Amino acid sequence: MLARKRRGVSLPDLLTYAILIAGAVVMLLPFAWMVSTSLKTAGATFVTPPNWLPDPATSDNYAKVFDSAPVGQFLFNSIVVSATSTALMVLFCAMSGYAFARIPFRGRTVLFYAYLATLMIPQQVTLTPLFIIMNWLGWTNSYQALILPASFGAFGTFLLRQFFLRLPREIEEAAFIDGAGYVRIFFTIAIHLARPALATLAVFAFMASWNSFLWPLIITTDTSMMTLPLGLSALQGRWTTDWNVLMAGAVIATLPIIAVYVFAQRFIIKGLSHTGLK
């Protein structure tokens, strides 16, 4: 057998890697500055030139965050709202995506594109009617008002519809022969095959719900119902702001997002590649 020649890295590949590494560094710099500032004393926050390594480093800022506001309650509210809305989003979008992709009914295409057109409506336009509905139901300052509006989405429906369109028809035909209907096929076959796409949607939905600020600001007035992004805004004073304490709160708010992304990272690329999104 002839020895295979090892293929060297070409100049275009080196340039691509260099650009990607430079972009990654630029993207990580704000996060690095946030972590660094959260470990600095108040006097070392705006030193010129800035010190990336805090000297001296202190963890007192994290204790001040919990002393300045009921961060534990904010964190609990964010976990409940984000986890519940994400689970509902994944379930409802999976069902609607499967229906649009696999179940033939009159007006399916028109209804899908009409639903997809709602992506072009800014969130600010829907806030007033949504608040009126929630106030009419008596749901202000409640988990229902925080969870339900984030439990539906045209993007999730489109994402999962694209995935279900790629499933082989032979799987459904074999299930039909065995006497299964669309509901049974969905819960026993389709939803298990769609796990990469479901994980991708779950990450997107969790991030959107966790970082949501405007809707919780409008629908909640009670401190005990505030989510973490809204509660941490109280750390920013009217005249002065302890930026080291605020950055410590930002680190606390960012860690769950990083944990969710790291856990689901292996599903994201696979899910997007199967749905045809880029």
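Per chain, residue numbering runs from 1 following the sequence as it is written. Under the rules for a predicted model, residues below a pLDDT of 70 receive no local features and side-chain atom pairs below 80 are neither given nor counted, while totals for whole chains, interfaces and linings still include all residues. Side-chain metrics in this entry use all non-hydrogen atoms of the structure; hydrogen atoms and water are not considered.

Sorry if this is basic, but what is going on with the packing of helix α8 (residues 169-177) against helix α9 (residues 182-193) here?
Angle between the axes and distance between the axes are the two parameters that describe a pair of packed helices. A fitted line through C-alpha atoms represents every axis, and for helices the fit uses only the stretch in contact; the resulting angles, taken between N-to-C directions, go from 0 to 180 degrees. By definition, any uninterrupted DSSP run of H or I lasting at least four residues is a helix, any uninterrupted run of E lasting at least two residues is a strand, and each is numbered from the N terminus. Where α8 meets α9, the axes come as close as 11 Å, and the angle between the chain directions of the two elements is 145 degrees. Here α8 runs over α9; the crossing is right-handed. Facing α8, whose interface residues are Ile-171, Glu-172, Ala-175 and Phe-176, α9 presents Tyr-182, Ile-185, Ile-189 and Leu-193. Looking at side-chain class alone, the contact of α8 with α9 contains seven nonpolar, no polar and one charged residues. Crossing handedness is defined as follows: a turn of the near helix away from the far one that is anticlockwise and smaller than a right angle gives a left-handed crossing, while the clockwise case is right-handed. Residues are treated as being in contact if the distance between any of their heavy atoms lies within 4.5 Å. Each residue gets one label: Ala, Val, Leu, Ile, Met, Phe, Trp, Tyr, Cys and Pro are nonpolar, Asp, Glu, Lys and Arg are charged, and the others, such as Gly, are polar.

Where do I start with the packing of aromatic side chains in this structure?
Working definition: an aromatic ring pair is given by the centre-to-centre distance plus the angle between the planes. Classification of ring pairs rests on two measures: the distance between centres of Phe, Tyr or Trp rings, Trp counted by its six-membered ring, which must be within 6.5 Å, and the angle between planes, read as stacked under 30 degrees, edge-to-face over 60 and tilted in between. Throughout the structure, instances matching the rule amount to twelve aromatic pairs. A centroid spacing of 5.4 Å and a plane angle of 50 degrees characterise the contact between Tyr-98 and Phe-186, whose relative ring orientation is tilted. In this pair, Tyr-98 is assigned in helix α3 (residues 71-102) and Phe-186 in helix α9, connecting sequence segments 88 residues apart. Partly exposed residues are those whose accessible area sits between 20% and 50% of the maximum for their type, while under 20% is buried and over 50% is exposed, using a 1.4 Å probe and protein chains only. Of the residues examined, Tyr-98 reaches a relative accessible area of 3% and is grouped as buried. Classification of Phe-186 by relative accessible area gives buried; the value is 4%. Each member of the aromatic cluster is reached from another via a ring pair, and the members are Tyr-98, Phe-163, Phe-164, Phe-186 and Phe-187. Put simply, a charge is over a ring when the Lys NZ or the Arg CZ is close to the ring centre, within 6 Å, and near the line of the ring normal, within 35 degrees. Between the NZ or CZ atom of Arg-161 and the centre of the ring of Phe-112, over which it lies, the distance is 4.1 Å.

For this particular structure, what's the right way to read the environment of Asp-60?
Relative to the assigned elements, Asp-60 resides in helix α2 (residues 60-68). The sequence separation of Asp-60 and Lys-40 amounts to 20 residues, and the corresponding C-alpha distance is 9.1 Å.

Looking at this structure, how should I read a nonpolar patch on the surface?
On the surface, a nonpolar cluster with roughly 1,200 Å² of combined accessible area is contributed by Leu-11, Leu-14, Leu-15, Tyr-17, Leu-20, Ile-21, Val-25, Leu-29, Trp-33, Trp-52 and Leu-53. Inspection of the secondary structure puts Leu-14 in helix α1 (residues 11-38). Patches here: salt-bridge-free residues with over 30% relative accessible area, like charges joined within 9 Å, nonpolar side chains (Val, Leu, Ile, Met, Phe, Trp, Tyr) joined within 5 Å. We get accessible surface area from the Shrake-Rupley algorithm with a probe of 1.4 Å; when it comes to residues, only the shown protein chains can shield them. Here, a salt bridge means any Lys or Arg side-chain nitrogen found within 4 Å of an Asp or Glu carboxyl oxygen.

I would appreciate a short explanation of the pattern of salt bridges in the present structure.
Pairing of side chains with opposite charge becomes possible as their charged atoms draw close. Tallied over the entire structure, the rule returns two salt bridges. Here Arg-102 ties to Glu-172 by a salt bridge, and the two come within 3.5 Å at their closest N and O atoms. With Arg-102 in helix α3 and Glu-172 in helix α8, the pair connects residues that are 70 residues apart, well separated along the chain. What makes Glu-172 buried here is its relative accessible area of 6%. One salt bridge in this structure joins Arg-169 and Glu-172, with 3.5 Å as the shortest N-O distance. A residue pair is termed a helical-turn pair when its members lie 3 or 4 positions apart in one helix, as Arg-169 and Glu-172 do in helix α8 at three residues. Assessed through its relative accessible area of 42%, Arg-169 is described here as partly exposed.

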